[in-house]
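Chains, contacts and geometry: an overview
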Amino acid sequence: MRRLVLAISLFVFGAVCLLPVLSLLGMTLRDAEGNWTLAKYGTLFGDDRSATLWWSTLSLAGTATVVATVVGVLVAAYATRVRSRLARALWIPAVAALLIPPYINALTWWWFFDGNGWFNGLLRRWTGTPISAQPPVMFTGWWFAVGVLASCFFPIVTLLAAAGFRAVDPDLEEAARLARGRAAAFAFVTLRLTLPYVVSGAAFVFVFAVSSYSVPDLLRVQTYSSEVYARAVNQADFSAAAAAAIPLVALTLGGVVVYAVVERRRRLSTAGSVRRAGEAPLSPALWPGLALCWLAVFVAAGMPVLNLLNAWSANPDVERSQFATGNEALDRLNVAMTNMGIALREASADIRATLLLAAATATLLTLLGASLGWFSARARGARGAWLENAPLLPLAFPAVTVGVALIQFWNAAPPPPPEGSFWQEPRAHLFAGFAGFQDYVYTSFWIMLLAAATRYLPFTIKPAAAAARAVDVSLEEAARTAGVPWWRRTLAITMRLSANALAAAWVLTFILVVEELDIFLLVKPGIGVLPERIYNAFHFGRTGVVAAWCLALLAFIVSPLALFRILAGARRAGNG
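What you see is a predicted model; the values in this text were computed from it and never measured.

Side note on helix α7 (residues 142-167)
Relative to the 38 Å expected for 26 residues at 1.5 Å per residue, α7 spans 37 Å between its end C-alpha atoms, a close match to the ideal helical length. The largest bend in α7 comes to about 35 degrees, at cysteine 152, with the proline proline 155 one to four residues further on. Within α7, 19 of the 26 residues are buried, leaving the element largely enclosed by the surrounding structure.

Right under this line is the structure:
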């Protein structure tokens, strides 16, 4: 029974996640006649455009990673190691920043720097520039893209660095403080032992930043993701898009490898004492750093929300004369409610599709992640590490690359059987049936589910494996001695004790799928999702309605997280 479950899990993982993305490599090695060739790689590094794309992509992702790492470590240090309520409160806006999708963050700042936005409106009044003139500052360019990506992803480093700070042995810190002082102990002991966590977070930020398409596209920065998208959509040349995706895959694969290698070294910083690490008092010397932390989280979470609320209530989708009551606050409320009503009516089908897709994907991946996570936790030696780290491979394929791979895999006709062979007729029927199955998947809801599952499987396997390792093996051994079947003791003991971790994995996957945009800009089987509607409508104005859709999307992201916290708290209270 156990081997059958493992075989089914590996088959689903291979068929759903690995086969389509690995087929992308085969596309780049064949010409139009199906012959093996390396000709498509000849133009990847030999012209000026390729060099420009390399530099733009690598510098954008690298700079955003450095900025996010510095800010993330600083926020984590203050939130975990400074004895102050003001420092501990940094957690709230930091987590909030992580829940805002990058493209929504970019849209809100675009509205802030718009010709009629707050920033340029203030500059116009100061400089006397007429409204008809070009805005003093345009929200486009490399530095703005770096800022948006860093502000969206630094909480990843904050969460992992905070886990590292809590894991450091306080006895080592205390000895170092007695010998060298608090500052030296923090720099040469705490930070050094936390480094594996920090590097893991930085690797994640690099992977997400280098594979981002929507943010650089909105801010008019050319990267390899935009090149892949242009070749796939504008030129309809999926083979050329696959070849252009190889450098992008190489960059993201590097980040995934760094994460997988460094993650195994985290045990070096595991605490050897049950005592809590010492906290420094909020002295005057620490106030500038705390102010910088609050500035960073306000820019990352506070300002986007304020910009969004302002755009929602100040840009009616109908004639403003309908709201002329003479009361500014009441006018804004009427505009906001009208925009939300219009938004919900127009996007009702997209909202249903988004929530159904997110729930179905989260359920499928949680089941698959629970199975593979349990086997990886109970396997011995290299086999367990392989089972846990192999699902990281699809993460190395950026969203636009996964989209190209799925389109080509599920839209390409299977090769015909050779003429004159004995099995020609049976194989012809088999290929015809598979072609019909391909057409059904490619034009239905399932292609979107497969796309989301390929992207986010690692985010369910990792929590499931960690939770399974935390369950005492002796409990399962006692049940086995009592004659309890494998499937029953696994469900009643391991999965029951891992319920919180699996629920957290489900919520995390649900949120990631709700936020996903890049992959659904390519994989569009006639079914729309809310992020795609937001992205397309932004280019055609209707700021108030687009802001209402953004707020609705944020509500769908926050609601399951809040519900999970409430239920988890109630369960802990009941167990207590």
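What about helix α19 (residues 445-456)?
Helix length check: α19, at 12 residues, gives a terminal C-alpha distance of 17 Å against a target of 16 Å (1.5 Å per residue), a fit within 8%. The element α19 is extensively covered by neighbouring structure, given that 11 of its 12 residues are classed as buried.

Looking at the nonpolar core
The biggest cluster of nonpolar side chains holds 151 residues, and the ones touching the most others in it are Trp111 and Trp549. Residue contributions to this core peak at 14 residues, all from α7. Core analysis: the next-biggest nonpolar cluster, separate from the first, contains 11 residues, Phe375, Ala377, Met495 and Leu502 among them.

A word on unusual backbone geometry
In this structure, arginine 220 takes a positive phi of about 60 degrees despite not being glycine. For arginine 220, the position within the fold is in the loop between α10 (214-218) and α11 (224-234). On the accessibility criterion, arginine 220 (59% relative accessible area) is exposed.

Topic: the pattern of salt bridges
Taken as a whole, this structure holds two salt bridges when the rule is applied. Arginine 542 is the partner of glutamate 346 in a salt bridge, and the nearest nitrogen-oxygen pair spans 2.9 Å. You can see glutamate 346 sitting in helix α14 (residues 328-346) and its partner arginine 542 sitting in the loop between α24 (530-538) and α25 (543-575), a full 196 residues away along the chain. On the accessibility criterion, arginine 542 (32% relative accessible area) is partly exposed. Its salt-bridge partner being arginine 533, residue aspartate 350 comes within 2.4 Å of it at the nearest N-O pair. In this pair, aspartate 350 is assigned in helix α15 (residues 348-378) and arginine 533 in helix α24, connecting sequence segments 183 residues apart. A relative accessible area of 10% means that aspartate 350 is categorised as buried.

A few points about the side chain of glutamate 227
In this structure, glutamate 227 sits in helix α11. In this structure glutamate 227 comes out as buried when scored by relative accessible area, which is 8%. When neighbours within four sequence positions are excluded, glutamate 227 is seen to be in contact with Arg49, Leu53 and Ala244.

Considering the packing of aromatic side chains
In this structure the tally under the stated criterion is 15 aromatic pairs. For the pair tryptophan 54 and tyrosine 224, a centre-to-centre distance of 6.0 Å together with 80 degrees between the ring planes defines the contact as edge-to-face. Here the residue tryptophan 54 occupies a position in helix α2 (residues 48-81), and tyrosine 224 occupies one in helix α11, the gap between them amounting to 170 residues. Members of the aromatic cluster, joined through ring pairs, are Phe153, Phe204, Phe208, Tyr456 and Phe459.

Let's talk about a nonpolar patch on the surface
The grouping of Leu292, Leu295, Phe298, Val299, Val305, Leu306 and Leu309 at the surface amounts to a nonpolar patch, some 550 Å² of accessible area in total. Inspection of the secondary structure assignment puts leucine 292 in helix α13 (residues 287-314). The class for leucine 292 is partly exposed, based on a relative accessible area of 48%.

A word on the side chain of aspartate 518
One can find aspartate 518 in the loop between α23 (499-515) and α24. Buried charge without a salt bridge: aspartate 518, with arginine 455 as the nearest opposite-charge side chain at an N-O distance of 6.2 Å. At a separation of 3.3 Å, a polar atom in the side chain of aspartate 518 contacts the side chain of serine 214. Non-local contacts of aspartate 518, meaning those with residues more than four positions away in its chain, are made with Ser211, Ser212, Tyr213, Ser214, Ala399 and Val400.

What counts as what
Residues numbered from 1 in each chain as written. Predicted model: local features only at pLDDT ≥ 70, side-chain atom pairs only at ≥ 80, totals over all residues. Heavy atoms only, no water. Helix = DSSP H or I, 4+ residues; strand = E, 2+ residues; numbered from the N terminus. Expected span 1.5 Å × (residues − 1). Bend = angle between axes of the 7 residues up to and from the residue. Buried < 20%, exposed > 50% of the residue type's maximum accessible area, 1.4 Å probe, protein only. Core = buried A, V, L, I, M, F, W, Y, C linked by side-chain atoms within 4.5 Å. Salt bridge = Lys/Arg side-chain N within 4 Å of Asp/Glu carboxyl O. Contact = heavy atoms within 4.5 Å. Phe/Tyr/Trp six-rings, centres within 6.5 Å; stacked < 30°, edge-to-face > 60°. Patch = residues over 30% accessible without salt bridge, like charges linked within 9 Å, V, L, I, M, F, W, Y side chains within 5 Å. Areas by Shrake-Rupley, 256 points an atom, 1.4 Å probe, with all protein chains shown as cover. Lys, Arg positive; Asp, Glu negative; His and termini not counted. Polar contact = N/O pair within 3.5 Å; in protein donor to acceptor, adjacent residues only side chain to side chain.

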